[in-house]
Every structure is written in structure tokens, then in C-alpha cells.
Amino acid sequence: MRLAILMLCTFALAIGGSAVAKGRHHARHRQAPAAEATSSLSIFGEGDLVSEARKYIGTNPTGRKSLWCGAFMDMVLKNTGHKGGGNLALGYQHYGTRIDGPQVGAIAVMGRHGGGHVGVVAGVDASGNPIIISGNHNHTVAESVYPRSRIAAYVMPNG
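What comes next is a walk through the structure. Only a predicted model underlies this, so the values are computations on that prediction, with no experimental measurement involved.

1. Some words on the pairing of strand β3 (residues 115-124)
Part 1: For β3, the buried fraction is high: nine of the 10 residues fall into the buried class.
Part 2: In this structure, strand β2 (residues 107-112) lies alongside β3, joined through six bridges in antiparallel fashion. Residue pairing in the sheet places M110 in a bridge with H117 of β3.
Part 3: Counting the residues between successive antiparallel strands, the hairpin from β2 to β3 contains two residues, one of them, G114, with a positive phi of roughly 85°.
Part 4: With five bridges joining them, β3 and strand β4 (residues 130-134) adopt antiparallel strand pairing. When the bridges of β4 are listed, V121 appears paired with I132.
Part 5: Between β3 and β4, which pair antiparallel and follow one another directly, the connecting turn spans five residues, one of which, G128, has a positive phi of 90°.

2. Quick notes on the side chain of T140
Part 1: Of note, T140 is situated in the loop between β4 and β5 (142-145).
Part 2: At 3.3 Å, the side chain of T140 forms a polar contact with the backbone oxygen of G58.
Part 3: At 3.1 Å, the side chain of T140 forms a polar contact with the backbone nitrogen of T59.
Part 4: Once residues within four sequence positions are removed from consideration, T140 is found in contact with G58, T59, W68, S134 and G135.

3. Side note on the sheet that holds β3
Backbone-to-backbone hydrogen bonds join strands into a sheet, with any given pair of strands oriented parallel or antiparallel.
Part 1: Strand order across the open sheet formed by six strands is β1-β6-β2-β3-β4-β5, with antiparallel pairing between neighbours. The open sheet has two edge strands with one neighbour each: β1 (97-99) and β5. Adjacent strand axes in the sheet meet at a mean angle of 40° when their direction is disregarded.

4. Comments concerning helix α4 (residues 69-79)
Part 1: Burial runs high along α4: nine of the 11 residues are buried.
Part 2: What α4 keeps buried is the set C69, G70, A71, F72, M73, D74, M75, V76 and L77.
Part 3: Buried residues belonging to α4 abut α3 (48-54), β2, β3 and β4.
Part 4: Residue G81 follows α4 closely and has a positive phi angle near 85°.

5. Description of the environment of A142
Part 1: Mapped onto the elements, A142 comes out in strand β5.
Part 2: A relative accessible area of 2% means that A142 is categorised as buried.
Part 3: Between the C-alpha atoms of A142 and T59, which are 83 residues apart in sequence, the distance is 8.4 Å.

Conventions and cut-offs
Sequence order as written defines the numbering, with residues in each chain counted from 1. Local features are withheld for residues below a pLDDT of 70 in this predicted model, meaning they are given only at 70 or higher, and side-chain atom pairs are given and counted only at 80 or more; totals for whole chains, interfaces and linings count all residues. Neither water nor hydrogens contribute to the side-chain values; these are computed over all heavy atoms in the structure. Think of it in three bands: residues with accessible area under 20% of the maximum for their type are buried, residues over 50% are exposed, and the middle band is partly exposed, with areas taken using a 1.4 Å probe on protein chains only. Elements are defined by DSSP. Helices are runs of H or I of four residues or more, strands are runs of E of two residues or more, and each kind is numbered from the N terminus. Strands are treated as partners if at least two bridges between them are detected by DSSP. Pairs of N or O atoms within 3.5 Å make up the polar contacts considered here, provided that, within protein, one atom can donate a hydrogen while the other can accept it, and that residues adjacent in sequence are counted only when both atoms are side-chain atoms. For this analysis, residues touch if any pair of their heavy atoms sits within 4.5 Å. Helix axes are fitted to C-alpha atoms over the stretch in contact, other axes to C-alpha atoms as well, and angles between N-to-C directions run from 0 to 180 degrees.

Following this line, the structure appears as C-alpha cells:
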């Protein structure tokens, strides 16, 4: 059944639909575990960036102690054959091609006090908030729902 739902979602994405999921919103000290984010009516898309990023959930593959979300995004891009985007989260606002809204496989760039945050869109919840896989989310790679108002830019990698 789950495979059939995933196939239906993949088909809907291919013809211009969107992935929809239910989950908790991002909060500073609270996150929805990946297992919870994929239960219930959770449907996510797949893509090279999404599947590559998911391999590292619960880890820190960069070895950096702080400010490593950009380094994680750079690693995911390079591992999937894309040009790297560097280590600075806000630098991704100028990477690739800007798009209007969340799309599975897009890079989401967020502002925050003192800098930025970056990750890859894995889906969209029922309220239109992006579900993002990012590094340095509570010191690990995690998949979580972020308020759409927090997103400064969505970009698609070129080539």
C-alpha cells in the first residue's frame, strides 16, 4: 500500500502536482523525528538530492562542529554530480535557478539571526509548509517542517 501511495505521489509530482504531508513545525528545541514525519498521510517525493540527503539523517557527515548546514548542502550537491555551492547558507540564494515556491529537490534558503540555514525540500505539509532535510538541525542531519514564512529563496540546481 505504501509503495502504491509513493508511486501515485511520484506520478503527481511528474505531472505538476505537489507532495503533501502532515508533520510538526520546526521549533528551536523540538523536531519531528524522521519516523514520525513519514507516518500517517505523509507522502514525500524522491530525487537525487533528497535521497542523498536522507542517507545522513541522524549524523554529521561533515565533521564540523558548528555552522555546517552549508557544508552539508555542498557535499550533497557534489555527491549527486552537481556543482558545489560552498559552505555559507545564504550564498545559496544565488545558486542555480530561483523558483517561486517549494518543489521536491529544490534548495530552500532561510534567514536566521546572525546568518542563514539551508536544506533540500523533501515535501510539503498540508498547510503548505516545506519539509526540509538539512544539516546542523540540532547538531545533526534532520528532516523537519519549517514555516513557509521563514524561507528567503527556493532554488533548483542547474545541470
